[in-house]
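So you can see what is in the structure, the chains are spelled out below.
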Amino acid sequence: MQFKSIRSRADAGVTMDVAEGHFAANHSHINNYIDLTKVRTHLFAARGAAEILAGFYESTLVEAILCLENTDTIGALMAEALSKSSFTGMNSDQDIAIVRPELNANNQMIFRGYAQEAVRGKNVLLLLSSISTGKTVTRAYDCLKYYGAILAGVCTVFSALREIDGIPVNAVFTGADVQDYMTYPPETCALCAAGRNLDALAGIWTPSSILTGILNYKKRAPLAPALACIVYAFTSSTVPSV
Ligand SMILES: [Zn+2]
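Asks: Looking at this structure, I do not really get the pairing of strand β2 (residues 15-24). What am I missing?
Replies: Note on strand geometry: in a regular strand, side chains alternate between the two faces of the sheet. Summarising the sheet, strand β1 (residues 3-7) and β2 pair through five bridges and their orientation is antiparallel. Of the residues in β2, the one forming a bridge with Lys4 is Val18. Judged from the six bridges that link them, β2 and strand β3 (residues 29-35) form a sheet pairing that is antiparallel. The partner of Val18 across the bridge, within β3, is Ile34. The antiparallel hairpin formed by β2 and β3 contains four residues in its connecting segment. Sheet topology places β2 next to strand β13 (residues 200-201); two bridges connect them, and they run parallel.

Structure follows, in structure tokens:
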């Protein structure tokens with residue numbers, strides 16, 4: 001599988017790796033697998049993404065950032081950027097909480113302890129890694145409402161959507177950055193209809209090396225789909241889905 005690196009127009013140090021194919025995500029089938037591991041895990045790339053995203057919220061009160069899909073590093077750097085924004089910035093010199101939800105036995109997002117206090121009655125910015133269908137955003141918004149939080153906005157590193165139920169989505173990368181990016185409901189996927197086999201099951205924590213290994217292994221052994229399912233089950237049970 002060939003990955004192509006795409007640079008942000010706002011900061012060339014922020015990149016995402018994209019591979020063309022036919023992939024099954026948690027709620028959709030997609031024709032491009034997007035690997036955001038580097039921007040989530042490397043300081044310079046994470047800081048670059050955080051500064052781009054913080055730029056959207058200089059005039060918006062942000063008291064907490066809810067980090068989904070292992071975006072805590074970006075979230076912390078966003079908080080720093082917002083707090084250091086110019087004296088006219090709404091969040092200048094403000095302390096900002098970094099929060100992540102837990103999942104209960106029914107796979108519902110919940111807050112406990114300090115996290116409840118950090119969001120109750122507060123303006124909370126929702127931060128994700130990637131948005132394709134918006135289902136995770138809707139789920140997280142429901143969770144925030146339940147705990148009495150006020151949604152300050154929705155931002156993400158990559159989004160195929162510009163808005164979700166009227167809520168604008170701010171992203172470093174959009175579908176326009178990926179040539180012919182398409183997402184389909186699994187039951188009406190055009191690639192499935194065309195008889196194209198799935199190349200891989202794509203969870204957000206599926207590192208490119210494992211994914212590539214699965215794909216290479218699949219060429220040689222019939223057990224590869226079972227291995228892919230094990231990886232998928234692990235990733236989808238430990239992280240929120242998109
Ligand atoms: Zn399909």
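Asks: Is there a simple way to think about the environment of Ile65 in this case?
Replies: With respect to the helices and strands, Ile65 occurs in strand β4 (residues 64-67). For the pair Ile65 and Leu125, spaced 60 residues apart in the sequence, the C-alpha separation amounts to 4.7 Å. The contacts of Ile65, once residues within four sequence positions are left out, are Gly75, Met78, Ala79, Ile96, Ile98, Val99, Leu125 and Leu127.

Each value, and the rule that gives it
- Residues numbered from 1 in each chain as written.
- Predicted model: local features only at pLDDT ≥ 70, side-chain atom pairs only at ≥ 80, totals over all residues.
- Pairing = 2+ DSSP bridges.
- Helix = DSSP H or I, 4+ residues; strand = E, 2+ residues; numbered from the N terminus.
- Contact = placed C-beta atoms within 7 Å.

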